[in-house]
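Remarks on the overall topology
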Amino acid sequence: MDHDAGAADQLGWLLDDLVRRISEVSKAAWNSPADVKRSYAAASIVSADRIVFNIKGNSYRLVVAVDFEKAIVFIKWIGTHAAYDRIDVRTVRHGD
């Protein structure tokens, strides 16, 4: 398998996982970070509204902000674990 095919497979897997998570989250009734932890025990609660999810055995990270009152989840950042180590998870925004 060449590098491009491997990267395409990884991207396909990542997109599939995101679609699955979006489906799950759209059905969730979260009122607090504790509700998120009950659904995703491995999630890291960074602050009252900032949460980090591990994807693909912790190879990737998904950083979201949650407005519990309005039931909205905002994707703030997604990337490899190595790239995650170089961001400030409390302030990162989509596009950073």
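Check the entry above for the structure.
In short, a report on the structure. The structure presented is a predicted model; accordingly, all values stated were derived computationally and were not measured.

Here we come to the overall build of the protein chain. Looking only at helices and strands, one finds three helices and four strands in the protein chain. Secondary structure elements of the protein chain, listed N to C terminal, follow the sequence α-α-β-β-β-β-α. Burial statistics for the protein chain: of 96 residues in total, 29% are counted as buried. In the protein chain, the proportion of contacts linking residues at least 24 apart, taken out of those at least 6 apart, comes to 27%. Working note: accessible area of the protein chain is about 6,200 Å², and carbon and sulfur atoms make up 55% of it.

A separate point is the sheet that holds strand 1 (residues 44-45). Taken in spatial order, the four strands line up as 1-2-3-4 in an open sheet, and their pairing is antiparallel. Two strands close off the open sheet at either side, each with one partner strand: strand 1 and strand 4 (72-80).

The gaps left among the atoms become clear once a water-sized probe is rolled over them. For the largest pocket, the calculated volume is near 200 Å³. Every residue along the wall of the largest pocket is listed here: Leu18, Arg21, Ile22, Val25, Ser26, Trp30, Tyr40, Phe53, Leu62, Val64, Val73 and Ile75. Among the elements of the structure, helix 1 (3-27), strand 3 (60-67) and strand 4 are those that each provide at least two residues to the lining of the largest pocket. Residue contributions to the lining of the largest pocket peak at five residues, all from helix 1. Looking at the lining of the largest pocket, its residues break down into 10 nonpolar, one polar and one charged.

Looking now at the nonpolar core. Of all hydrophobic cores here, the largest spans 14 residues; its most connected members are Val36, Ile51 and Phe53. Taken together, the elements giving at least two residues each to this core come down to helix 1, strand 2 (50-55) and strand 3. Per element, the largest residue contribution to this core is four residues, and it comes from strand 3. Once you skip the residues sitting within four places of it in the chain, Phe53 turns out to touch Arg21, Trp30, Val36, Tyr40, Ala43, Tyr60, Arg61, Leu62 and Val64. One finds Val52, Ala83, Tyr84 and Val89 within the second-largest nonpolar core, a separate group that totals seven residues.

What counts, and where the lines are drawn
Residues numbered from 1 in each chain as written. Predicted model: local features only at pLDDT ≥ 70, side-chain atom pairs only at ≥ 80, totals over all residues. Heavy atoms only, no water. Helix = DSSP H or I, 4+ residues; strand = E, 2+ residues; numbered from the N terminus. Buried < 20%, exposed > 50% of the residue type's maximum accessible area, 1.4 Å probe, protein only. Contact = heavy atoms within 4.5 Å. Areas by Shrake-Rupley, 256 points an atom, 1.4 Å probe, with all protein chains shown as cover. Pairing = 2+ DSSP bridges. 1 Å grid on protein atoms, 1.4 Å probe; cavity = no way out; pocket = protein on both sides within 12 Å on 5 of 7 lines; lining within 4 Å. Points joined across faces, edges and corners; volume = space filled by probe spheres on them. Nonpolar A, V, L, I, M, F, W, Y, C, P; charged D, E, K, R; others polar. Core = buried A, V, L, I, M, F, W, Y, C linked by side-chain atoms within 4.5 Å.

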